[in-house]
Amino acid sequence: MSLALGCVADDYTGASDLANTLTKAGLRTIQTIGVPEEGRALPEADAVVVALKSRSIPADQAVARSREAEAWLRARGAAHVMFKVCSTFDSTDAGNIGPVMDALRAEAGETIALVTPAFPETGRSVYQGNLFVGAVPLNESPLKDHPLNPMRDANLVRVLGRQSGSPVGLIDTATVARGAEAVAARLDALAAEGKGAAIADAIFDSDLEVLGRAIIDRQFSVGASGLGLGLARALVADGRGTTDAAGAAVGEPVGGASACLAGSCSQATLQQVAAAEAIMPVLRLDPARLLAGDDVVAEALAFAEERLSSGPVLIATSAPPESVRALQAAHGVDAAGHAIEAALAAIAEGLVARGVRRLVVAGGETSGAVVDRLGLTAFLLGPEIAAGVPVLRTAGRPEPMLLALKSGNFGGPDFFGRALDMMA
Ligand SMILES: Nc1ncnc2c1ncn2[C@@H]1O[C@H](COP(=O)(O)OP(=O)(O)OP(=O)(O)O)[C@@H](O)[C@H]1O
Ligand SMILES: O=C(O)[C@@H](O)C(=O)CO
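Not measured: the values here are computed from a predicted model.

Student: Is there a simple way to think about the pattern of salt bridges in this case?
Tutor: Side chains that differ in sign of charge can pair as their charged atoms come close. Within the structure shown, the criterion is met by 27 salt bridges. With a shortest N-O distance of 3.0 Å, R28 and D46 are connected by a salt bridge. Of the two residues, R28 sits in the loop between α1 (12–25) and β2 (29–33) while D46 sits in the loop between β2 and β3 (47–51), which places them 18 residues apart along the sequence. Given the relative accessible area of 33%, R28 is considered partly exposed. Judged by its relative accessible area of 8%, D46 falls in the buried class.

Student: Can you help me understand the site of ligand 1 in this one?
Tutor: The local shell around ligand 1 holds 25 residues, among which H146, S264, E341, E365 and T366 are the closest. Within the side chain of S264, one N or O atom sits 2.7 Å away from an oxygen atom of ligand 1. At a separation of 3.0 Å, an oxygen atom of ligand 1 approaches a polar backbone atom of G337. In isolation ligand 1 exposes 640 Å². Once the protein is present, 98% of that is buried. Mapped onto the shell around ligand 1, the elements with two or more residues apiece are α12 (321–331), α13 (333–353) and α14 (364–374).

Student: Would you mind showing me how to read the site of ligand 2 here?
Tutor: Taken together, the residues surrounding ligand 2 are D11, T13, G14, D17, R55, K84, V85, C86, S87, S407 and F410. A distance of 2.5 Å is found between an oxygen atom of ligand 2 and a side-chain nitrogen or oxygen belonging to D17. Relative to its unbound accessible area of 270 Å², ligand 2 is 95% covered by the protein chains. At three residues, the largest contribution of residues to the shell around ligand 2 is made by α1. Residues that form the shell around ligand 2 fall into these classes: three nonpolar, four polar and four charged.

Student: Would you mind showing me how to read the UniProt feature "domain: Four-carbon acid sugar kinase N-terminal" (unreviewed entry) in the protein chain here?
Tutor: The positions that UniProt labels "domain: Four-carbon acid sugar kinase N-terminal" (unreviewed entry) are, in the present scheme, residues 5–229. Taken end to end, residues 5–229 is 38% helix and 20% strand, and its first and last C-alpha atoms sit 12 Å apart.

Student: It is not clear to me how the packing of α1 against helix α8 (residues 225–237) should be interpreted in this structure. Could you clarify?
Tutor: Angle between the axes and distance between the axes are the two parameters that describe a pair of packed helices. Packing of α1 against α8 leaves a shortest axis separation of 9 Å and a crossing angle of 30°. Between α1 and α8, the crossing angle belongs to the class labelled roughly parallel. Read as a crossing pair, α1 and α8 show a hand that is right-handed. For the pair formed by α1 and α8, the contact residues are D17, L18, T21, L22 and A25 on the first element and S225, G228, L229, A232 and V236 on the second. Partitioned by chemical class, the residues of the contact of α1 with α8 number six nonpolar, three polar and one charged.

Student: Sorry, what's going on with unusual backbone geometry here?
Tutor: Most of the time, phi is negative for any residue but glycine, and the peptide bond is trans. The omega torsion of the bond from G95 to N96 falls at 10°, within 30 degrees of zero and hence cis. By secondary structure assignment, the location of N96 is in the loop between β4 (80–84) and α3 (97–108). A positive phi is found at F89, a non-glycine position, where the angle reads about 55°. By the element assignment, F89 lies in the loop between β4 and α3. With a phi close to 50°, Q128 is a non-glycine residue in the positive phi region.

Student: So what exactly am I meant to see when it comes to the nonpolar core here?
Tutor: In a soluble, globular protein the nonpolar side chains are often hidden away together inside. F89, I347, L351 and L359 are the most contacted members of the largest nonpolar core, which totals 106 residues. The biggest single contributor to this core is α13, with nine residues. Ignoring any residue separated from it by four or fewer positions in sequence, one finds F89 in contact with I97, V115, P117, L131, M151, L156, V159 and L160. A362, L402, A404 and L420 belong to the second-largest nonpolar core, a separate cluster that totals 24 residues.

Student: How do you make sense of the pairing of strand β18 (residues 402–406) when you look at a structure like this?
Tutor: Of all the five residues making up β18, five are buried; the element is thus mostly covered by neighbouring parts of the structure. Burial along β18 is two-sided: L402, A404 and K406 and L403 and L405, pointing in opposite directions, are all buried. Across five bridges, strand β15 (residues 356–362) lies against β18 in parallel orientation. Paired with V361 across the bridge in β18 is L405.

Student: Is there a simple way to think about the packing of aromatic side chains in this case?
Tutor: What describes a pair of aromatic rings is the distance from one ring centre to the other and the angle between the planes of the rings. This structure, assessed with the given rule, holds two aromatic pairs. A ring pair is formed by F119 and F410, whose centres lie 6.3 Å apart and whose planes are at 65°; its orientation type is edge-to-face. With F119 in the loop between β5 (113–116) and β6 (124–127) and F410 in the loop between β18 and α15 (415–422), this residue pair connects regions lying 291 residues apart in the sequence. Judged on exposure class, the residue F119 and its partner F410 are both buried. Residues F415 and F416 carry aromatic rings whose centres are separated by 5.9 Å and whose planes lie at 75° to one another, so their mutual orientation is edge-to-face.

Student: Even after reading the chapter, I still don't get the UniProt feature "domain: Four-carbon acid sugar kinase nucleotide binding" (unreviewed entry) in the protein chain, so can you show me in this structure?
Tutor: The residues that UniProt annotates with the feature "domain: Four-carbon acid sugar kinase nucleotide binding" (unreviewed entry) are residues 260–416. Each end of residues 260–416 is marked by a C-alpha atom, and these two atoms are 7 Å apart; helix forms 46% of the span and strand 24%.

Analysis parameters
- Residues numbered from 1 in each chain as written.
- Chains lettered and ligands numbered in written order.
- Predicted model: local features only at pLDDT ≥ 70, side-chain atom pairs only at ≥ 80, totals over all residues.
- Heavy atoms only, no water.
- Salt bridge = Lys/Arg side-chain N within 4 Å of Asp/Glu carboxyl O.
- Helix = DSSP H or I, 4+ residues; strand = E, 2+ residues; numbered from the N terminus.
- Buried < 20%, exposed > 50% of the residue type's maximum accessible area, 1.4 Å probe, protein only.
- Near = heavy atom within 4 Å.
- Polar contact = N/O pair within 3.5 Å; in protein donor to acceptor, adjacent residues only side chain to side chain.
- Areas by Shrake-Rupley, 256 points an atom, 1.4 Å probe, with all protein chains shown as cover.
- Nonpolar A, V, L, I, M, F, W, Y, C, P; charged D, E, K, R; others polar.
- UniProt positions renumbered as here; feature names shortened; annotations may be inferred.
- Axes fitted to C-alpha atoms, helices over the stretch in contact; angles between N-to-C directions.
- Parallel < 35°, antiparallel > 145°, perpendicular 65-115°, else oblique.
- Left-handed = near helix turned anticlockwise from the far one by under 90°.
- Contact = heavy atoms within 4.5 Å.
- Core = buried A, V, L, I, M, F, W, Y, C linked by side-chain atoms within 4.5 Å.
- Pairing = 2+ DSSP bridges.
- Phe/Tyr/Trp six-rings, centres within 6.5 Å; stacked < 30°, edge-to-face > 60°.

As C-alpha cells, this is what we get:
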C-alpha cells in the first residue's frame, strides 16, 4: 500500500469525521483504531486515518503515540501527514495540539506547519486567526463549558502560541484570497522569521482548496476536516486519488439489535437525547449514583434487555453544564469523566453480548472508551448520516457491526433516529 495521504487523529469521532470527508472528496479511506499490529492486512486505500485517543491525555503520552502513528504512515508511503484536531480546537494551555505539532513537524523535517481548524460545512470558520462557531467567537460558543477542554479564547494564534515551543504567525484572509502561491510565500516568510506554525484563515471551502494546493507537496499540516477536504481535492485534481470512492463500503446489511449511547454533554447532544424520547425508550443514568458505587451498569443492561427485542433503546449520561460542574466539583474532572466513560463502555459490551450489532455513540471520549472496550480495530466508510458523521462498518471482525461515532457538537436534533434508519 502506498498512501497519498496519512492522517493522525486525536480522537475516534474526529477520525471518522475526517475519513468521511476524505471519502466524499474522492479518496479511498480506511480508519484504523491505533497503529495496526505488525502483519495485519488492510484493504487497499489512498488514505489512512489512524485514530488515537490522545486529545485529553498527558502531552508526553500524546506526543509518543502520535509519533508512532506518523512513523507507521510514512513507512506506508504517506508523503503528507495531517494531524487531525478538533474543529473547535479542543485543548488546554498544557496541550496537546502544540506539543504534538512540534514533534511531528520536527519528525517531518519541516520548519513551519500550516494550521487551521476551519470546517465551513459545520459552521467553523477562521478570520484574522479567530475561530468562529457559527456566528459567535469560540469563547462565546457552548465550547466555553466543555467538560474536559473548556475553550475560553477564540484567538488561535494566542492559544497555539501558549502550547507550542515556537512562535506562531498568521496567514490572513487577504493572503488566502491571492491564491496558493501567495500562501506558500507567506509560509516561507513566516518560517524565515522563526515562526514554527501559522494559523490560516479560511471561511469557505474554496479557501481550504487554496490551502490544500499550497501545502500538498509539503510534508505536514494540522487541521480539522476542512483542511482534509482541501488536501483531498488537491490530490484528486492531481490524479492521486480515486474519484468514485464516496460511500463505497456500505456492504451487506447487518442484522441484530440496535442501540444508542450518549456520554456527550454538548448542547447538540442534549437536544438530540430529548428528541429521541419521542421515538425510543430512553434511560437517563444518574452519574452521581454511579460515582457513589451503585451498579448502574447492571440497571442499564436490565433496562435494555427488556426492550431490545421490540426496538432500539438510548442510554445517556448527558446533562446540562450546571450538573456537569456540580459532579466535577464533587469528584474531580478526570475521575468523573473516566468513571462515566468506563460505565458506558461496559454497557456497550453488555449490549453487544445481548445481540446489539448496530450501535450509535455520542461523544468523542465516550466513543473512544466504547470502541476500545469492544476491541474494534478498523473501519470502512459508509454513507454520511450528518455532516462529519458517517456510518462505519467494522473491518476484521468475524461478525460485522455498524457504528456511528458522533462528535458531540455534530448532527441535527433528529440525529439518533436518522442514524438508526441509515443503519437499518
Ligand atoms: N453527567 C455528566 N457529568 C459530568 N461529566 C459527564 C457527564 N456525562 C458525561 N460526562 C463526561 O463528559 C465527557 C464528554 O466528553 P465526550 O468527548 O464524550 O463528548 P463531547 O466532548 O461532547 O464530544 P466531542 O469530544 O466529540 O466534542 C466524558 O468524559 C464523559 O464521561
Ligand atoms: O473536528 C471536529 O469538530 C470533530 O471531528 C471532532 O474532532 C470532535 O471531537
